[in-house]
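# Commentary on secondary and tertiary structure
Each chain, written out:
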Amino acid sequence: MEKVYKNRIADGLLQRKLAGKGAVLIEGAKWCGKTTTAEQIAKSILYMSETGMVEQNIRLASLNPKLLLRGENPRLIDEWQIAPQLWDSVRFESDHGPLGQFILTGSSVPADMSKVIHSGTGRIGWIKMRPMSLWESHESTGEVSLAELFTAPDQVGGINKMDIEQVAFLTCRGGWPLAVDMDREIALDQAFDYIDAVEKRDISKVDGVERDPVRVHRLLRSLARNQGSQASFGTIRADLEANESDSLSEDTISSYIKALKEIFVVEDSEAWNPNLRSKTAIRTSDTRYFTDPSIATAALGIGPQDLVNDLNTFGLVFETLAIRDLRVYAEALNGKVYHFRDKNGLECDAVIHLRDGRYGLVEIKLGGDDLIDEGAETLLKLSGKIDTKRMKAPSFMMVLVGVGKYAYRREDGVYVVPVGCLKD
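Right, let's walk through the structure included here. (Residues numbered from 1 in each chain as written. Predicted model: local features only at pLDDT ≥ 70, side-chain atom pairs only at ≥ 80, totals over all residues. Heavy atoms only, no water.)

Evaluated as defined, the whole model comprises eight aromatic pairs. Residues Trp272 and Phe340 carry aromatic rings whose centres are separated by 6.2 Å and whose planes lie at 75 degrees to one another, so their mutual orientation is edge-to-face. One end of the pair, Trp272, is in the loop between helix 12 (250-262) and helix 13 (293-300); the other, Phe340, is in strand 8 (residues 335-341), and 68 residues separate them in sequence. A relative accessible area of 5% places Trp272 in the buried class. Overall, the relative accessible area of 0% leaves Phe340 in the buried class. Connected via pairs of aromatic rings, a cluster forms that spans Trp31, Trp176 and Tyr194. Over the ring of Tyr256 we find Arg211, and its NZ or CZ is 5.6 Å from the ring centre. (Phe/Tyr/Trp six-rings, centres within 6.5 Å; stacked < 30°, edge-to-face > 60°. Helix = DSSP H or I, 4+ residues; strand = E, 2+ residues; numbered from the N terminus. Buried < 20%, exposed > 50% of the residue type's maximum accessible area, 1.4 Å probe, protein only. Lys NZ or Arg CZ within 6 Å of the ring centre and 35° of its normal.)

Another point: unusual backbone geometry. Cis geometry is adopted by the peptide bond preceding Pro74, which originates at Asn73 and carries an omega value of -5 degrees. Relative to the helices and strands, Pro74 resides in the loop between helix 4 (65-69) and strand 3 (75-78). Positive phi is not limited to glycine here, since Glu79 has a value of about 55 degrees. With respect to the helices and strands, Glu79 occurs in the loop between strand 3 and helix 5 (86-95). On the basis of relative accessible area, Glu79 is assigned to the buried category, the value being 14%. The backbone of Asn334 shows a phi angle near 60 degrees, a positive value even though the residue is not glycine. Summarising the element assignment, Asn334 is placed in the loop between helix 15 (311-332) and strand 8. Given a relative accessible area of 29%, Asn334 falls into the partly exposed group.

Turning next to the nonpolar core. If you look at the biggest cluster of nonpolar residues, it comprises 79 residues, and the most contacted ones within it are Val265, Leu326, Ile352 and Met398. A per-element tally of this core places helix 15 first, with 10 residues. The residues touching Met398, leaving out its near neighbours within four places in the chain, are Leu149, Leu326, Leu361, Val362, Glu363, Leu379, Val414, Tyr415, Val417 and Leu422. (Core = buried A, V, L, I, M, F, W, Y, C linked by side-chain atoms within 4.5 Å. Contact = heavy atoms within 4.5 Å.)

This paragraph deals with the sheet that holds strand 4 (residues 102-106). Strands sit in the order 2-3-4-1-5 across an open sheet of five strands; the sheet is parallel. Because the sheet does not close on itself, it has two edges, and the strands there are strand 2 (44-47) and strand 5 (124-129). Pairwise comparison of adjacent strand axes, ignoring direction, gives a mean angle of 20 degrees for this sheet. Note: strand 1 (residues 23-28) against strand 4, five bridges, orientation parallel. The residue of strand 4 that forms the bridge with Ala23 is Phe102. Contacts from helix 1 (residues 9-18) reach strand 1, strand 4 and strand 5 within the one sheet, and its direction differs from that of strand 5 by about 175 degrees. Against the sheet, helix 5 engages strand 1, strand 3, strand 4 and strand 5, with an angle of about 155 degrees to strand 4. (Pairing = 2+ DSSP bridges. Axes fitted to C-alpha atoms, helices over the stretch in contact; angles between N-to-C directions.)

Pasting the structure below:
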């Protein structure tokens, strides 16, 4: 049976970027769907990593790059980072031709950009793709729109179709397009295969530095245990030494994590710095997340039933799923997701800040009335600390939950929305 393409939020972003730039670069984790999305509108395609053609493509990129760029526009150049010197040729053609000529896709940051002259500013646009959100994989009903929340509606409504077992499965399966339509057990295998490839090949291939797969696995396990926190390199080193009987320097850990970021396995959340009424110090460390929750569960070697049996771990990993979806939806709104924490421990899991200055505050909870109340209390407390004479008040406050029957607005104005009802 022919596989049917599921529309992605990036489809519209790509069309918009191509209308205003000569070329667009789509970056993101391997298997997240970059090439498939680009193929939907490309009129000609060059696969740089095509079997038997890699060395020839690399030579041509140095000797006659225009030959590789020849084809009907928009022309897709898949895994362009194999020959970084193509960048200047794409930039030159974009500067001297029509808009929308090229789409570049890459699952890693090029190791060597030393011979690249131009940054591409003004000629090349960027899109970051992530694994599928629940709306894109058709598991969210989409009855609550993030865009509409920024208009502060009097009411929202939605019925969540997912129970705790389904949320646990989706957390472990992840948003990998290949896995979405697979049988349950086969789908769960995909994340394990993904981290096997990361540990044994991808993390060393990104910059040519050989790294011990066993150490990579131990590091991924430590990051999984510390996701959603501001764990320092020292904390991670101590965790490795305490749990794995191994010792690594902080510089080595930094190098490993940098490589994981360059292949889009890790995507930390930057700290949000609002204007507050008090002079409370704001912590500026990034918060650690994987690009998909299934990376965490695979690194820990656990499955859906393990999550159901350990709700503390489930809550931590569910936060990564929620952040993934919020990032996908925010991208469509010209927004970015941040994290807030002050020195007194007041913390907000996600701040969605739009380009026009509007922002929303989000607490993420697995579910349960007590946790929802706790999340709402945190949001109201943070909102009360913001100096609205110096910046806008939050457009909305939301407790985003995994388990819960309905989406609704509380009497205190806080929205409660199951992730299975949310869309962009």
